Structure formats: structure tokens, C-alpha cells
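Now for the letters of each chain:
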Amino acid sequence: MPVEIPVEKWAGKVNEVKLGGNGRKSIVIGGETTLPFLKIDGAMPHRPAIAVEVDDVMPADWSPHLIAAWGDALEDPAVWAKKAAEYGADIIALTLDSAHPERGNTGAAEAKKTVEKVLAAVDLPVIIIGPDVAEKDNEVLIAASSVGRGQRLALGNCVDKNYRSVAAACIADGHVAIAKTPIDINLAKQLNILICDIGLAPDAILMDPTTGGLGYGIEYTYSVMERLRLAALIGDKMTSMPMICNVGEESWRQKEARATSGVPATWGDHQERALAWEGITAVSLLNSGADIVVLQHPRTIALIKDAISKLMA
Amino acid sequence: MALSGIEIYKHLPKTNCKKCGFPTCLAFAMKVSQKAIAITACTDLSETARAALEAASRPPIRLITIGGDSRKVEVGNEVVMFRHEKTFYHPPGLMIKLKDTAPLEATLKTVDEVANLVIDRVGLKLSLDGFAIQNESKDAATFARCVEAVKAKADLPLVLMSPDPAAMEAALEKSARSRPLIYAATKDNWEKMAELAKKHSCPLVASEPASLDELAALTQKLNQAGVEDLVLDPGPQGFSSSLNTLTQLRRLALKKSFRPLGYPIITFPAETTGSPEEEVLLAGQQIAKYAGIIVLSRFSPATAYPLLTMRLNMYTDPQKPIQMSPGIYPIGAPKPSSPLCVTTNFSLTYFSVATELEASGFPSWLLVCDTEGLSVLTAWAAGKFDAEKIAKSVKAFNVEASISHRSIIIPGRVAVLRGELEEELQGWKIMVGPPEAMEIGSYLKRYWTN
Amino acid sequence: MSRFIATSAIRGAHSVIADAEATLKDALQKMGPETPVAFTSTSYFLPVIFGFTGQKITKLGDMPAALQHARSLLPPVPRDNLWLPYLGETLDAGVATLFAEEIIEGIRFAKGQQPEQYNGHKLNGPIDDVQMRSWGIQMVDGRMPGFAAIVGAAKSNEVAVEIVRQLQSRGQLVFLCSQSNGRSIIDQLRESGVDLGYDTFTVTFGTDTYSAVYALGYATRAALSFGNVAAGDIRKILLYNKFRCFAFVLALGQVDDIKYATAAGAINYGFPVIADTVIPNILPSGVTRYAHVVSLPFDDLPGKDDLEKAQRLVQRCVEIRGIKIKIAQVPIPVAYGPAFEGEVVRRENLRIEYGGKGSMCFELLTTKSLDEVEDGKITVVGPEIDAVPDGAKVPLAIVIEVAGRKMQTDFEPVLERQIHHFVNGAEGIQHIGQRDIAWLRFSKSAVNKGFKLKHLGDILHANYHNHFGAIVDKVQITLYSDPEKVKQLMGKARAIYSERNIRTAGLTDEAVDTFYSCSLCQSFAPTHICVINPERVGLCGAYNWLDCRASYEINPTGPNKPVAKGKVIDAAKGEWEGVNKFVYENTQMKTDRFTLYSIMDQPMTTCGCCECVMVLLPECNGFMLVSRDDYGMTPCGMTFTTLMGTVGGGLQTPGMMGVGKYYLLSKKFISSEGGIRRVVWLSKNLKESMEEELKAVCEREGVPDLLDKIGDGSVATTVEDLLPLLEKKGHPALTMAPLI
Ligand code: SF4
Ligand code: SF4
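Rules used throughout
- Residues numbered from 1 in each chain as written.
- Chains lettered and ligands numbered in written order.
- Predicted model: local features only at pLDDT ≥ 70, side-chain atom pairs only at ≥ 80, totals over all residues.
- Heavy atoms only, no water.
- Pairing = 2+ DSSP bridges.
- Helix = DSSP H or I, 4+ residues; strand = E, 2+ residues; numbered from the N terminus.
- Patch = residues over 30% accessible without salt bridge, like charges linked within 9 Å, V, L, I, M, F, W, Y side chains within 5 Å.
- Areas by Shrake-Rupley, 256 points an atom, 1.4 Å probe, with all protein chains shown as cover.
- Salt bridge = Lys/Arg side-chain N within 4 Å of Asp/Glu carboxyl O.
- Buried < 20%, exposed > 50% of the residue type's maximum accessible area, 1.4 Å probe, protein only.
- Near = heavy atom within 4 Å.
- Nonpolar A, V, L, I, M, F, W, Y, C, P; charged D, E, K, R; others polar.
- 1 Å grid on protein atoms, 1.4 Å probe; cavity = no way out; pocket = protein on both sides within 12 Å on 5 of 7 lines; lining within 4 Å.
- Points joined across faces, edges and corners; volume = space filled by probe spheres on them.
- Contact = heavy atoms within 4.5 Å.
- Polar contact = N/O pair within 3.5 Å; in protein donor to acceptor, adjacent residues only side chain to side chain.
- Axes fitted to C-alpha atoms, helices over the stretch in contact; angles between N-to-C directions.

## Details of the sheet that holds strand β22 (residues 612-617) of chain C
Strands belonging to one sheet form pairs held by backbone hydrogen bonds; the direction of such a pair is parallel or antiparallel. Residue and element names in this part refer to chain C. Taken together, five strands build an open sheet; the order of strands is β24-β22-β23-β25-β26 and the sheet is mixed. The strands lining the two open edges of the sheet, one partner per strand, are β24 (656-659) and β26 (711-712). Both β22 and strand β23 (residues 622-627) contribute to a ladder of six bridges, which runs antiparallel. Residue Leu617 lies in a different strand from β23, and its bridge partner there is Gly622.

As C-alpha cells, this is what we get:
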């Protein structure tokens, strides 16, 4: 008996966003006219990208497995970035963590130096993430913005408290803003509207819906992303931005990935568990609409890269 | 088009006889309209009413039960494509594959480990569901022996895997009472397998890798042979085909009410993946995307835990957030002098606070109040997170015995509670914490001096 | 349009263009067309010309075309009594002037005469791109509203300094140029030792009026960098500046033809021109957001001395340009923040209380017109705290007057209710109640730190600006602690309260053409939407129509949106085309019809946070209502929690819906099914806590003894028990038209 497969016809399309260029390698993400990897309804013209986190200071409390995997590279963001590129990163996600008031409180001058160094070290597109304190984000992101003028970086996080400054810097220097909201479709949409109101073009915005790691709210992120993507496909322009998920950090900061002692035997081998934690979080969020996943462990980079290829096949 | 509760009610006897297990006919009708129960549960339904209602109220994906009375897995009966539309009801069964060719001792060791694997996750006990035993030996007696031994060791739900009806028959003799899932009826052996399924009243997998057309043809033949409890096996599925095929199957069932494919699906992620690591990733995807039974090729607690967590997360009702059991939770290894924070029992709230405390470098005590799963502000607005409730929780969980100081940090969003709480908790210092969990670390650094 | 101004401006334009033509001719002859022309470090060429035409002037030889274009824009100078010039012509003359001025400055650069050397100092001249971008970011993110281009010289050096200080304190960039009677404000500031430069947000352009064109070059480049605008798209450039760049021209001293002509250029950008001398006003808005030309003769400004007049002048400029104020820090001597909201001031620590038992205290917020309110004015009438003994109980009236272009009297109660929240943020100050039952307690520690009555004013002023800046432009506060005064004003206040009550009660669905939505609950129930009409609150009970309207005005991208009713489909059931369309688009297309007055036919969706659930009891031909805090069993066989599981989550369930309890009192309460007469059972706590109001409703509906006939949890928790009771009491629902 012939089975008639129901096909969804979507009117909307996810924006295509370009990163890099101008002498730097460039990458385009987004552009979907279908749900993630669902070929029957429409097209997914660009494969989701893997960004690899690089911090400007040696991470203080990382899992020993991460530290072992990266070794000395952790001491120098430029070396680290190069290594990440070798491991297969599509994008470098440079985190200016040292600007955090409690983790060094560095300022614009240091940020400029670090960004220059990393930009010189690799030719991949670059994302710059501030320390997640709105005022400090402003200070270092604006500095980074002028250093990377014309190279179409992505700057984050652009949140309700500081979106104006970050968006303005993106307009002035031709970058992409990462609009981050706390796991809520309406807040995400509202921030997109506000950023567009300022004059940043919709194709210069990425959404970070806030990642909940596996076991720590992943279901909320997963569903909000599905809803955002469905809204985009229905034709809502203000939810049509590609999405980025901070998978690595949200997986590896959890007890299940980090704790080395004092955990029940039923949890099994530490490294195997931790890698599965990051990997499953990544695959799930790719399936709910992530266009960029930021990862931390080299092994996960390889695994997810392969999984993406297979999903795109 | 689904009927509304009222329309269904019109057809019911309206006697409120309660034989359906519901207090009134209307309450029953509402549940039927949500497809949460079949109309046949009303014992007094007239034939005409049944005819009018049955089609409209039949669950689009049949509910299949595997396993006996002690432990069983129920899968199917899903009603939405996306969990936010309502919820995913029946978590997929996670089964570990065993081969009847492996040394029995080793097999039983695994069985024992799997059966004893209980992971305690915030008050919930997570464990794997059972075993899929493969007749690798191609020998009926060996197969039957293995099944019998496994069943004797742990009476968990089983999938019996053999293309040979004779071997299947032998194994069923040993295990039919616990309703194993028979794997599988194919276009070559379906008549015999259907016989077995009927004879032992066990659910049966219809396996047809060629196409969905042929799969549907097979299930119809099985239906005609009198087998209703089916599970689908559309053949080996890699990342992409798994997503696409399983989505199509779910759509056909939900959107087209296509009966021949309205059954749960069994998957074998190892068949298409090159390494155990990759198998886990595909299994993770299949939990979210529409698998009913997932057979894992190997057992490792280190990957069972994340998969069980994934399953727990995806099958949480998004409209009824998971609640933490109220109580006092140690975060890190707190001492009596460590900080004490209080929050609500909405799981996401709990996790944000716990994660930040964990990362803050301050081992702490976290007091979780029963706010019926509401977040801080909502609970406060609904009167479920007030000074009285906090004070009661402090008493109820004997917090004073755990800590040596008398300071409690309340969420910044409910700073308004400070005054009343000072009244309720005489002799305590009430500290107002930051409004966002993210700021807890800096807050403790700045203000915690004990 | 003032004929005088038009004539002066057009005359000025003619003279500037003539000057430019002569200068250019001379320069071309002496230096040749290949001589390069460039402003300081910019990639925007001569920015005004580039912005208007897209033409990239890089050498003298590029200039004649632009100048010809300018000349072509130039209207003839109006001859006496012959024709009346129009605004459009004056504006064109302004543009022509800016072109000519930019050409002259360009030639000066080519000759090395720019930036200008003046009295031994080098002036800044045009702003370079790097600085423009850095300030531009601050302008976009709101830290810097815009700029003030000051042309001429102030009355005195002190006045000049005060004006600049006032502007700086508001985060406004200050551009300085030109002169008046041989004096320039640049001289005045320098003589007074004021630091001038990028670091102090003051930029010296030049000592003639031509250099004022740099201000407009700056504005043009800001639009090109931040407005997503291409050079040549002049309409967008001008609109960008009109709406985003809060700039104005302040002409100090005499205004000559060239100043008028340049000012006409500025008006094109939406920048108003304010003069401190007597010139004709051009008030009606159009091109600029509010007024075009305003004369504020310095000596006529209110103020006891020149410094106060200077402050007043800047204050007026800011108002005219519509610049919103943000106050970063509430200026009070105690700590301020949400962490203090829950504090209780106990007897031991009580210094003084206002209101409370046996005393009088009220708060009132009203709307005034813009000129009736002086922003930031705080007056205390009666004794301050230091004049009152410890522990005293004193009457108080907090009278707030606000003005704003978007303020409406309907928002008054919404704003007034915020006083509680605002005042409680101060450490050591406790606020209880509202309206005429307000009660404030000040702690000893707060008063010892210097907290005074007046600081209440500071708190309120800052907060209204910060939180309600979208609707409030000016706020003044009077605090009456004089018992006589309070008594006297109390009557007036009460009259206003009762007027408001009547108005709210009288607000009907028919009287408005817009309802409001609330989508807050979509985070849990994605397909749920509340449509809130004047006669029905949101189902959580927390938001009414006025709240939503105010919330929309304040935050148009927030959770509340206007819903145009559109054509009525069914007046009895409460169904409108506009509402249906909105609901369809905002429930992920899951719900396409919504009736507001019916529970049986396409009722509103229900989310998880409703105050009450209303359920059909088919056996009784009526409905029951159970409230969230009733944990008991109900006649429908389900508890509140079970009901939530059935009805919640954004579903439309005929026969069941969530409602706010005050909906019971509305005339539109399920009016399509017969209203309150259909209620056969109520949660006991609802029945008791709302007894008075419910009785009144029963009276109003002509069934005065109805409340008695309605069952509750104490008499029946099953329908079998309820039905006989209803029959015994003769409940009207039993004889009404069958629901099913
Ligand atoms: S069994 Fe049927 S008649 Fe009896 S209460 Fe249930 S629905 Fe009503
Ligand atoms: S229930 Fe209340 S908060 Fe929720 S959407 Fe309706 S009005 Fe808004």
C-alpha cells in the first residue's frame, strides 16, 4: 500500500548570517527552510558550525580531562586557538574571562591585545564573548570590536542590559551580535526587535537562547529552541535568527562532568561519562535548531563534526 | 478533528456510575478528548455511541506494554510532534543487548549489573529497562537456555531476537508470562510469528527495511492475522535517516491517523555507528526524536547515566515542571558553618541555584521549600513562598541541627519577605541575596563572612 | 513660517554661496583642480555633501559640481511684499548654505588653514572618524543623548561656563563655534579655565559660523555609520537624526543672516534652534520633532540670577528637543535598592511615622501640562523631620505632578501604585498601603544618616524618570507635613479617588475599540494568550485593561500588545474579527476563534496560573467555580489541581476555563450563557471573601437572593449532593435554557 508522507510547507526562512571574511576565512550559517536536518520539508543549505571555546586566562576550575586534553595550550589563547583549528574548529569562540571583576578585572587595553593576538594566530572566523557582566562586556567588546573592524566577528553577549552598546559597536564595525536571553521565546523575540530598532540588520544577529546542560534544564532550552525555529519557519522575522548554544561550558561545569571524587560508583567511568554529557547535549540541541555549538573537548569536536556530516547526508 | 469533551459527554450514559474510574461522566469525557484514555473504558456505553466515538478517540499511536507484572515498559500513545505542544508521555525503553553465544557467566554478570543499576537523581531513581536477547547461535535450545537464565537472574522486560520461529517458540515457552517483545516478523516469516504472538499474547515487532509502504503492508497482514500489539522496525537508521524516517512515521500517525503505522518504533543505534561513543550520541537523538524502544549494544554505567538523564529530561511534562522534593540539600561538602540559602522546588530554579553554588567555591546548604513547583517570583505572587513557608521549612527539615550559625540567604527577588521572616525566625539574621542565581558566587565572596 | 526668518536665511544663503564661489574660483586658479581636499582623518569625504549626494570630493576639481548643485537649490531672496516664502524654500536655502560652507572649509584644509589657529591655540575643527564612532556608540546606547551646537557668545563668562556645565552634566556633547559681537564662547570658556577637548566632551570648531557645518557633518556620518544608510539616501539620514540624535543648536547673542542660513540647514536634520535673544518663534512641529525655532530671551528667563537663568535655559533646550532623563543614582543619604524592599521598621528603631492609625496620610499623582510642571522641583510644606520629636506621628500628603507628551490621565493610578515599590527601596524607610491609607515609617538609623522628607521627592523623581520615561517627561513633588494643609487637600484627593473608581467601573468593552493582550504565560503554555478587555481581568487576576495599556505605552515590545477589536461577529458571545485574527497569529495558529463572553463556544484559552477554574456541571445546567487556594474536592469530581491538568496549558476547552475571580463581578461574566445566574457552586473561601461584592452583583442582576442558593464545599462536594440542594432552594439555573 503506498504511504503518502505528510510534508510541511513552511513560508519562513532562517536568516543567513556570515562570519569572517575580509582576508579571514568566512562561514555562512542559517538559511534553513525546514526543521533541523529534515530534508523532506525543505532545505538546510549550510551545515551547523562547531565553535571551540578559547579563554584568555587559564581556566581555574576545569575538569582534569579537559586540562589534560589541551595541555599547555591553555596558557596562551593564541596557541590554544591554533590547536583548536587543528582539531577541526570551524570558528574560534574567544572568551574574555579575565575581564570579570573577580577573575582579574582586566579592561579594554588587555582585551585589545588578546583579540589582536588571536586574530593573528588563526584565520578562522572568531566569536568574542565577554565575561558575562553587562558593564564589563561593554568595555571589552567595544574594544574588541574596533580591533576586529571589518572582519565580521560575532560579539556576545548582547543582553537586555547592554544590547544598545554591543549593537552599536556591531553597526559601526560591521560585526554580528549574539543576543542572549534567559530561555524564553518572547524575551528572545523582544530583544531581537530592540536590536533591530537600533539599526542592526537582522542578518547580523545570532540568538543565544541560553543553554541548559543535560540534566540541568536542557529540556527547557530544547523546547524554546524548537518553538523559536517553528516560529521562524511560520514566517516570524523576529525569530528568524540562527541560534548558538554554549554546549561545552554548560556540560563540563556540571558535577557529572567535573567531579573527580565522591561520586557514586553507578556513575561509571569519569571521562566516558563526561564526554557523553557534552556529546548528547550537543546532538540534542543540534536537533532542536542550533546553528553553532560551542564545544570544549577535542574528542567531542571530532565526534560532533562527524555526527553533523551524517545528519546533513 | 478531535472531539471536545462536551461533544463526547453528549454520547455518554450520564449516570456518573464511576465504573470507568472517574467521578463523573464529564471528567471522563475530558480525558477521552485528550486521548489520554480510550472510550472503551466506559462500561455502559451503547453500541451506537461507541461507533460514533471510537474513531475520534482512539490513540493515534497504540500503547504497547512489554514485560510482566513485576516490571514493565509502556511505550506509544504519544499525541504530539513536539514536547512543548503537550508532553511526551511514555519514555522509550532502554534495553541492553545480550547474545546467546556469549559465555553465560559473563552474560549473567552484565544482567546483574544492569538490574542493580539505580542512579539517584534529585530524588528520582533511574534505571535501565531490560534486555534484548539475540539468538546469535541460531540454535533454539541455546537461545531458550539463555533466555531462561536471564529471566531467572532478573525479571526485567525482554526483547527476544530471532528470525527463526522455532527458536522463538522455544524461548517463549520459557518467558511468555512476562510478555516479551517478539523480534521480529518479516515478510518471510510473518505468519508463523503472528501465530506465536497470538498464542502467547505477546507484542510483536514488524520488521521491514525496504520501505514504509512495505512496512505498512506487513502490519496490515499482521492485523488481519489478529495481532494488534505491534512495534515497528523500519530497518537500520543512521543519524539522518533515523531522524527523517521516525519523523515521517510520527507524522503519519498523528497527522494522517494512518493506522497501519500507528505503533511505537524500535531502534538499534549500534547498527549504523562505528564506535560506542557514537552509538550513545545516536541513542540520545532517538530519545528526543521518536524512538519507542532503543536497544543498546553494550552496557556501560558511564553512558547509561547520561542517556537516562536525557530521557528523564525529554519526557518531563513541560507544563508541569518537575518538582524537587523539599528538604535541605548539601552542595559540595558543606560544614555546619557554611552558608545557608533558601529557594523554591521548581527544578529549574533549583538547578540554577545549585549549579551556581557548586561553582562558587563555597560549599553550602540549600533549603528547598515546597512551592508546588513554582519559581521564586511566581511562587511568591501565588502566596506559596512566604515567610511562614520558609520558617516552617527551616523547622520541618531541622535545619538548625545542620548548621552552627543562624543566617539565611533569601532570593533577592523576594527581598520583601525580609521583615516578616525576621518575625518568623526569631534570632536569625536574614540576608537578602542577589536577584539572579548567576550572581550568587560574587555575592557570597562579598558578604559571606562566617 | 516667519517671513523675517525666511528672508534672513535666504539672504544669508546667497551670501555664503557667493563667498564659496569666489573662494573656489580663486583656489582653482592658484592651486589647480588636482589639489587634494580632505577633512581630518575621515573616510566620509566632505560628509554633508557626501551624505546628500553620494559625491566623493577628494580634490578642488570635484567642487564646482557640488557648488552648482547648491546654487540650483537656492531660492531668490524674497522682495518686499512680493511673495511669501515657504518653509520648504528656507530649508533648501539651508542645505545650499551647508554645501557652500563645507566647500569653503574644504578649501581652507587644502590651504592648510584648518583646523584654525586662534589666539595661540589650535582649535579642533571637524571630529575624526575614530572619535565619531566612539561617541556614536554612546549615542546609540543612550548614554549620550546627542549634542548641543553652541553658536556665538554668552551674556558673560560665568553664564557660558554654567551653560556648558549643565549640558555636560546631562551627558550632552558640546560643540563650540562662531562669535557674537567679536566674542566667541570659545574665548569665554578658555578665559574661565575650562578644559576643552574630546575628554571633556567639548569640541572647538572654529570662530566663524561656517565651521558650524562640522556639527552637521558629524550628524551625517553618525547616520551613515549607525543607521544602516547609504550615502545619497538623504531622507533616511535626516530621519535618523531627527529620531535618534537628540541635538539642537543654541544661538547665543545676536543672530545674523549667515547664522539664520546655517540654522535653516540644521533644521533639515530635525535639530531645533534656540536663541537667547528676541527672534520670531516657529513653533508648530513638522520637520523637527517639536518646534523649529524658539526664542528664549535670556533676561526674561525665570531665575534669581544669571546662573539660575542659565540653568533654566539648558533645561528648556532639553525639553524642546525632547531629551529623556535617566538618573543613575538616587541622590539620597541611605542605600537604595530592591534588597531593602522587605524591611520592617520596628518600634525600637522608629524615628517618625506618617499616617497609620489615628493619623492621616495620602498620596496622589496627577497629570499637568508641560509648562505647569518644573522637573525635579521638590517642595516641603510644613515641618521637616528635624523639627519633629522622636516617635511622633505626623500627617503627610505626597502630591506628585507629572507631565509628558504621552501621559494620559488613565495612567495616573498605575503610576501612583508604584510609590509603594519605589519608596520601599530606601534602606530604613517602610511604606505600607496606598491612596489615603498610606503609612510611612522612618527608622532612626535612616534619619541619623541624614534622610529627610525631601528625599522622598528625590526617590520618586528619579524612579519615575527611570521606569516611566516613555510616558513621563517632567515630575515635580510636593510633600505636605502641615496638618491643616493635609486635611484641606485630603478632601480633594478623595474626590479624585472616587472619580477614578467610577471611571474604572464605567469603562465598558463597548466604549473602547482596542483590547490588550498578555503573553507572559507563553513561557509555560506556548499557545496561551490572554485578551484583556475593560470588563474582564486576565485569568491570573493580576492584570486589568488599564495596566496592560500603560504597560504597552511604556514598553511597546513587551508582553502586552494592543488588539484592535475589528468588526463585530457576534456581540452577545463577544466575538470580533480583530480579536480572532490576533489570537490566531499569537497562538502558533492553534486557536482561530475566541469569544470573550462565552464558556461553551470557543472560550478563551487557559494557562497554568489562573485564579479560578470554572467548570460546566451538566447535571445542574450551570457552572461551578473553584479557586486556586481551595484544596478540597468539587462537584465536578476533580480538585483544582486535577482540573488544571485538564484545562491548563494553552488549551481551549469548551465547558471549562480559567478566570480571574473579579470576572465574577463583571456585567460581561459569561453573559452569553446567562451570567451569574448560572453559578451553582463556588469555593467557600471565594464566597466568603467576596460576599459583599457578590451580593451587590446579584442585586444588580435582579436576583438578590441568589448567593444563598449557590452551593459551596461545606454543603456539597459531589454533584449528587448538590443537585437536591439546588432544587430545594429553587436555583434559577435549573429552569434556564439547557446548556447541552
Ligand atoms: S463508566 Fe461511563 S457512565 Fe459510568 S461514569 Fe464513567 S463515563 Fe459515566
Ligand atoms: S494569566 Fe495573567 S500573566 Fe498570564 S498571560 Fe494572562 S494576564 Fe498575562
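Alright, that's what it looks like, and here's the rest.
## Re a nonpolar patch on the surface
On the surface, a cluster of nonpolar side chains totalling about 250 Å² of accessible area is made up of Ile234 of chain A together with Tyr584 and Met589 of chain C. Among the residues examined, Tyr584 of chain C registers a relative accessible area of 35% and is labelled partly exposed.

## Considerations on the site of ligand 2
Lining the immediate surroundings of ligand 2 are Cys518, Leu520, Cys521, His528, Cys530, Ile532, Gly538, Leu539, Cys540, Tyr543, Cys607 and Cys609 of chain C. Looking at side-chain class alone, the shell around ligand 2 contains 10 nonpolar, two polar and no charged residues.

## Describing empty space enclosed by the protein
Residue and element names in this part refer to chain C. A complete count under the given rule lists 10 cavities of 30 Å³ or more for this structure. Taken as a whole, the largest cavity holds about 260 Å³ of empty space. Considering the residues around the largest cavity, the lining is formed by 26 residues, among which Val249, Lys259, Thr262, Ala263 and Val273 are closest to the centre. Counting only elements with at least two residues in the lining of the largest cavity, the list comes to α4 (87-110), β3 (147-152), α8 (213-226), β6 (248-252) and α10 (257-268). Take the lining of the largest cavity: its biggest share by element is seven residues, from α10. Among the residues forming the lining of the largest cavity, the class breakdown is 22 nonpolar, three polar and one charged. Quantified by volume, the second largest cavity comes out at close to 140 Å³.

## Remarks on the interface of chain B and chain C
Often the size quoted for an interface is simply the accessible area lost on bringing the parts together. Tallying the contact residues gives 31 residues for chain B and 34 residues for chain C. Counting across the interface, chain B meets chain C through four salt bridges. Here Glu422 of chain B makes a salt bridge to Arg346 of chain C, at a shortest N to O gap of 2.7 Å. The tally of links between chain B and chain C comes to five residue pairs in polar contact (both at pLDDT 80 or more). At the level of secondary structure, the elements contributing two or more residues to the side of chain B that touches chain C comprise α1 (5-11), α2 (25-33) and α16 (418-424) of chain B. Broken down by element, the side of chain B that touches chain C gets its largest block of residues, five residues, from α16 of chain B. Of the residues belonging to the side of chain B that touches chain C, the class tally is 13 nonpolar, seven polar and 11 charged.

## What about the pattern of salt bridges?
A side chain of one charge can pair with a side chain of the opposite charge when the charged atoms of the two come close. Counting across every chain of the model gives 80 salt bridges over all chains. In this structure, Lys668 of chain C engages Glu535 of chain C in a salt bridge whose closest nitrogen and oxygen atoms are separated by 2.6 Å. With a gap of 133 residues between them, Lys668 of chain C in the loop between β24 and β25 (679-682) and Glu535 of chain C in the loop between β18 (530-532) and α17 (545-554) connect regions that are remote in the sequence. Taking relative accessible area as the criterion, Lys668 of chain C reaches 11% and is therefore assigned buried. Each of Arg418, Glu422 and Glu423 of chain B together with Arg346 of chain C takes part in salt bridges that share partners, so that together they form one network.

## Remarks on the sheet that holds strand β3 (residues 93-99) of chain B
Residue and element names in this part refer to chain B. As summarised here, the arrangement of the eight strands in space is β10-β9-β8-β7-β6-β3-β12-β11, forming an open sheet in which the pairing is parallel. Strand pairing shows two members of the sheet lacking a second neighbour, β10 (230-233) and β11 (266-267), which therefore form its edges. Seen against the sheet, helix α5 (residues 140-153) touches β3, β6 (130-134) and β7 (158-161) and runs at an angle of roughly 170° to β6.

No statement about biological role is implied by the geometric values presented.
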